[in-house]
Amino acid sequence: MKKIISALALGAIVAGSAFADLKVSLSYRNGAELLKYVNTGANGRTTDDYGNVYIDSGYDKSGSTTTVGNLTGWNSGKDNMTLRVTGDIFDIKATLQPTIGSNNINWHIFDATAKIGNFTAEAGWNGDGIMGFQVKKAADDGNEEGKTFGTYKLGSIFTSSDGIAANNKVSFSTAKNYFALAGYNIPVNSDISVNLQASVMFDRAWDSTQEQNNGNIGWGIFIDPEIFEVVDAELFVKGIRVGKAGSDKVSEFVTGAYFRLNFLPAVVSDNTVGGSAVIKDGNLMEYNADWRFYLFPLEKFYVTYYGKFAKLVSNDDTGYAPCDGADVGALAGLSNAFKSSQALWNMLSVRYKVNSTLTTVFTAGELTDLDTGFNSGRESADGTQVFAYPHVQLYANKSATISAGAVVAFGGIGANKDANKDIDILVNVPVLFRVKM
């Protein structure tokens, strides 16, 4: 593997010096938890597959832990090295990602793009995916996408769904795989254009030790019309043959539409509204809706808001079995995720830029299990998770950022009595350090 990486790096340098511009960038992000207190309360109780507590099982109310000085515990810090060769037609990019705490070096991105006139072709390996319509400007400012900011992409909220990151053009969800993508832009007139794209995806991947391959193959078709100063849109359908290696595979489709409303007031600089659905073996499995806005109502004052509703219709391939719920990831580092058939997520981040060095930020969010009263297959809801994260961002220069503050989070608020759930408590003091060169 290292020989391959060395050969690629050398080839990029030689090619760059011969006929194009060579760009090399280094990116490092690391998050430390100076102090972390967690009280899960109900963890000692015995539950069934649906999270219901067995009667008289008992539990340990003192289920708390305190951790001091976890130097890599916050926000999945990764360091990247990217080599990029750019020319008039070709653009080749390779990103390597060493694994923290070991000597492993993994592929993160290998991408080759060719552009001739209105035609674009792209192929390679991608660990991030290629997605449009992501409202993430404020997250990029401090590189905070993760536990408190972009917790959920456009699409499904259920952690094992292929509908996660529904408009990812080169992956089934957020999986790492090979891909090929081709597109053609059709200029209809001075105000209207339509971009057509088609992709194929192969799920062959390497983890840190061995090759992983279930043999799943997918395809995607994306139609992106743009009406100048009115609306940008993306309409898509992805088809997938899914199943573990050696098993019978079934057909699955992820389809949807997202819109950017350009006719809104200038104070709304970016926005996305729309939704998607997952259809498996001919049956509707889940659907969801997203609404996201980035606003700057005052000078140096910025507001980002995300909202999402997701509903699981069935978790059985036939589409007829009662819906028992699917896993939904916890917010802000709370330890107890929950099962749900429908959930609502809201996130708000307010930033004020004091000067070129200092920005103050307040981020808050909630995730609510809406099962109770809505779905006959579930008898109880796990309540609401909430968090608040006041912090500051210090900019040493354009390439270096330090974020520091405190996170306070609670889980299980308002849980149905049948859930027998204590309130989960999290207090965290994280420091996030980022360097880009």
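Residues numbered from 1 in each chain as written. Predicted model: local features only at pLDDT ≥ 70, side-chain atom pairs only at ≥ 80, totals over all residues. Heavy atoms only, no water.

A. Representation of the overall build of the chain. Summing up its helical and strand segments, the chain has two helices and 24 strands in all. The burial tally for the chain puts 43% of its 437 residues in the buried class. Pairs at least 24 residues apart make up 59% of the contacts formed inside the chain by residues separated by at least 6 positions. Carbon and sulfur atoms form 59% of the exposed surface of the chain, whose accessible area is close to 20,900 Å². (Helix = DSSP H or I, 4+ residues; strand = E, 2+ residues; numbered from the N terminus. Buried < 20%, exposed > 50% of the residue type's maximum accessible area, 1.4 Å probe, protein only. Contact = heavy atoms within 4.5 Å. Areas by Shrake-Rupley, 256 points an atom, 1.4 Å probe, with all protein chains shown as cover.)

B. Region of interest: the nonpolar core. Residues Tyr152, Ile157, Phe158, Val328, Leu331, Trp345 and Leu367 are the most contacted members of the largest nonpolar core, which totals 30 residues. Sorting the residues of this core by element identifies α2 (137-142), β16 (301-312), β17 (326-328), β19 (342-353), β21 (384-397), β23 (407-413) and β24 (424-436) as the ones contributing at least two each. For leucine 367, the contacting residues outside a window of four places in its chain are Tyr152, Ile157, Val328, Gly329, Leu331, Phe338, Ala343, Leu344, Trp345, Gly383, Thr384 and Gln385. Counting 14 residues, the second largest nonpolar core, distinct from the first, contains Phe172, Met201, Ile240 and Val242. (Core = buried A, V, L, I, M, F, W, Y, C linked by side-chain atoms within 4.5 Å.)

C. Broad picture of the confidence of the model for the chain. On average, residues of the chain score 83 in pLDDT, and 80% of them reach the 70 mark or higher. Across the chain, the secondary-structure element scoring lowest on mean pLDDT is helix α1 (residues 2-19), at 50, and the one scoring highest is strand β8 (residues 192-202), at 96. Within the model, the stretch residues 42-46 combines pLDDT values under 50 with 16 contacts to residues more than four positions away or in other chains. Ignoring residues within four places in sequence, the model shows residues 53-61, a span with pLDDT below 50, making 21 contacts including any to other chains. (pLDDT = per-residue confidence, 0-100.)

D. Main features of the pairing of strand β11 (residues 217-227). One ladder, built from eleven bridges, connects β8 with β11; its direction is antiparallel. Bridging across to β11, glutamine 197 finds its partner in phenylalanine 222. The pairing of β11 with strand β12 (residues 231-242) spans nine bridges and is antiparallel. By the bridge assignment for β12, isoleucine 217 is matched with arginine 241. The hairpin turn running from β11 into β12, its antiparallel successor, is three residues long, and glutamate 229 in that turn takes a positive phi close to 60°. (Pairing = 2+ DSSP bridges.)

E. Structural view of empty space enclosed by the protein. The final tally for this structure, using the stated rule, is three cavities of 30 Å³ or more. Taken as a whole, the largest cavity spans an internal volume of roughly 60 Å³. Class assignment for the residues of the lining of the largest cavity results in five nonpolar, two polar and four charged. (1 Å grid on protein atoms, 1.4 Å probe; cavity = no way out; pocket = protein on both sides within 12 Å on 5 of 7 lines; lining within 4 Å. Points joined across faces, edges and corners; volume = space filled by probe spheres on them. Nonpolar A, V, L, I, M, F, W, Y, C, P; charged D, E, K, R; others polar.)

F. Structural view of the packing of aromatic side chains. Inspection of the entire model under this criterion finds ten aromatic pairs. Look at tryptophan 125 and tyrosine 178: their rings are 6.0 Å apart centre to centre, the planes differ by 65°, and that puts the pair in the edge-to-face class. In this pair, tryptophan 125 sits in strand β6 (residues 119-126) while tyrosine 178 sits in strand β7 (residues 177-187), placing the two residues 53 residues apart along the sequence. Take tyrosine 178: its relative accessible area is 29%, and that puts it in the partly exposed class. On the numbers, 6.4 Å between centres and 10° between planes, the contact of tyrosine 294 with tyrosine 302 is stacked. Classification of tyrosine 294 as buried rests on a relative accessible area of 7%. Judged by relative accessible area, tyrosine 302 falls into the partly exposed class, the value being 23%. Pairwise contacts between aromatic rings join Phe149, Tyr152, Tyr306 and Trp345 into one cluster. Between lysine 169 and the ring centre of phenylalanine 222, over which it is positioned, the NZ or CZ distance is 5.8 Å. In this structure, arginine 260 packs its charged tip against the face of phenylalanine 133, placed 4.5 Å from the ring centre. (Phe/Tyr/Trp six-rings, centres within 6.5 Å; stacked < 30°, edge-to-face > 60°. Lys NZ or Arg CZ within 6 Å of the ring centre and 35° of its normal.)

G. Just the side chain of aspartate 369, in detail. Along the chain, aspartate 369 turns up in strand β20 (residues 358-369). Among the residues examined, aspartate 369 registers a relative accessible area of 4% and is labelled buried. There is a polar contact of 2.7 Å between the side chain of aspartate 369 and the backbone nitrogen of aspartate 382. (Polar contact = N/O pair within 3.5 Å; in protein donor to acceptor, adjacent residues only side chain to side chain.)

H. Broad picture of the pairing of strand β14 (residues 268-280). Direction of pairing for strand β13 (residues 250-261) relative to β14: antiparallel, over a ladder of eight bridges. In the strand pairing of β14, valine 254 is matched with valine 278. The turn joining β13 and β14, which pair antiparallel and follow one another in sequence, is formed by six residues. Judged from the twelve bridges that link them, β14 and strand β15 (residues 283-298) form a sheet pairing that is antiparallel. If you follow lysine 280 over to β15, its bridge partner there is asparagine 283. Counting the residues between successive antiparallel strands, the hairpin from β14 to β15 contains two residues, one of them, aspartate 281, with a positive phi of roughly 55°.

I. Main features of the environment of serine 193. Its location among the elements puts serine 193 in strand β8. When its relative accessible area of 16% is taken as the criterion, serine 193 is described as buried. Those residues within four positions of serine 193 in sequence are excluded, and the remaining contacts are Asn185, Ile186, Pro187, Val188, Asp224, Pro225 and Glu226.

J. Spatial organisation of the side chain of glutamate 366. Secondary-structure assignment places glutamate 366 in strand β20. It turns out glutamate 366 is buried and unbridged, and the closest side chain with the opposite charge, lysine 308, is 12 Å from it. Polar contacts involving the side chain of glutamate 366 include one to the side chain of asparagine 346, which spans 2.7 Å. A polar contact of 2.5 Å, which involves the side chain of glutamate 366, links it to the side chain of threonine 368. Setting aside residues up to four positions removed in sequence, glutamate 366 forms contacts with Leu331, Leu344, Trp345, Asn346, Thr384, Gln385 and Val386. (Lys, Arg positive; Asp, Glu negative; His and termini not counted. Salt bridge = Lys/Arg side-chain N within 4 Å of Asp/Glu carboxyl O.)

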